[in-house]
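Examination of the molecular architecture
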Amino acid sequence: MPSTKRKASAITSCVLNYANGDVYTGGLEDGEHHGHGVLKYASGKVLECEWKKGISTGKAVLKYDNGDVYEGEYEDDAPNGRGIMKFVRGSVYEGEFKSGKYNGTGKYTWSNGTAYDGEYVDGNCNGKGKYTWSNGTVYE
């Protein structure tokens, strides 16, 4: 007797244009983003990452419409895990993220060379850390 189960339909490359102006280019499985893909938001933001059953996951590059760029681990539609955030004005944060915010250990370096290396909670310096000013002054 023939099986009535259908195989999952997978497409390795397609372009989806959404009514809100977003455009997705990449793999598709059972109607959801799957595999490598790029989502260009109508706002100008661009997310390039791996997708699994419609959820963004793994390594990603997220380019914001203002020119800022995030590169690193991505899960549940936000930076989660280790990554680097490069700001268009020259500042850089390298460290841990949780739900898109600095969380855990990391180093934020301002464009003038001043840096904070330490602990973060919900996007803010919190806990043990060290400030180093561009003139060499250190505070721990």
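Chains are numbered independently. Their residues run from 1 in the order of the written sequence. The predicted nature of this model means local features are confined to residues of pLDDT at least 70 and side-chain atom pairs, given and counted, to a pLDDT of 80 or more, with totals for whole chains, interfaces and linings taken over all residues. Water and hydrogen atoms were dropped before computing side-chain values, which therefore reflect all heavy atoms in the structure.

1. Some details on the overall build of the protein
- Secondary structure follows DSSP: runs of H or I at least 4 residues long count as helices, runs of E at least 2 residues long count as strands, and numbering of each begins at the N terminus. Scanning the protein for helices and strands turns up zero helices and twelve strands.
- For the C-alpha atoms alone, the extent of the protein along its principal axes is close to 75 × 30 × 20 Å.
- Within the protein, counting contacts between residues at least 6 apart in sequence, those at least 24 apart form 2% of the total.
- Computed with the Shrake-Rupley method and a 1.4 Å probe, the accessible areas treat only the protein chains shown as cover for residues. Only carbon and sulfur atoms are counted for the fraction: they give 49% of the accessible area of the protein, which is about 9100 Å².
- In this tally, Asp and Glu contribute negative charge and Lys and Arg positive charge; neither His nor the terminal groups of the chain are included. Throughout, a charge is located at the NZ atom of Lys, the CZ atom of Arg, the CG atom of Asp or the CD atom of Glu. Of the charged side chains in the protein, 17 are positive and 19 negative; the average position of the first set lies 2 Å away from that of the second. We call two residues contacting when some pair of their heavy atoms lies within 4.5 Å.

2. Structural notes on the pairing of strand β5 (residues 55-63)
- Paired strands, in this sense, are two strands between which DSSP finds at least two bridges. Inspection of the sheet shows strand β4 (residues 46-52) paired to β5 by seven bridges, in the antiparallel sense. Counterpart to Glu-50 in the pairing with β5 is Thr-57.
- From the end of β4 to the start of β5, which pair antiparallel, there are two residues, and Lys-53 there has a positive phi angle of about 50°.
- Pairing of β5 with strand β6 (residues 69-75), which is carried by seven bridges, proceeds in the antiparallel orientation. Paired with Gly-58 across the strands is Tyr-74, a residue of β6.
- Here β5 folds back onto β6, and the loop between the two strands holds five residues, one of which, Gly-67, carries a positive phi near 105°.

3. Section: the pattern of salt bridges
- The term salt bridge refers to a side-chain nitrogen of Lys or Arg lying within 4 Å of a carboxyl oxygen of Asp or Glu. Overall, the coordinates contain one salt bridge when judged by the stated rule.
- Taking the shortest distance from any N to any O, the salt bridge between Lys-59 and Glu-73 comes out at 3.8 Å. Here the residue Lys-59 occupies a position in strand β5, and Glu-73 occupies one in strand β6, the gap between them amounting to 14 residues.
- Here's how the labels work: a residue is buried when its accessible area is under 20% of the maximum for its type, exposed when over 50%, partly exposed in between, all with a 1.4 Å probe on protein chains only. On the basis of relative accessibility, which here comes to 31%, the residue Glu-73 falls in the partly exposed class.

Without other data, these values stay purely geometric and don't point to any function.
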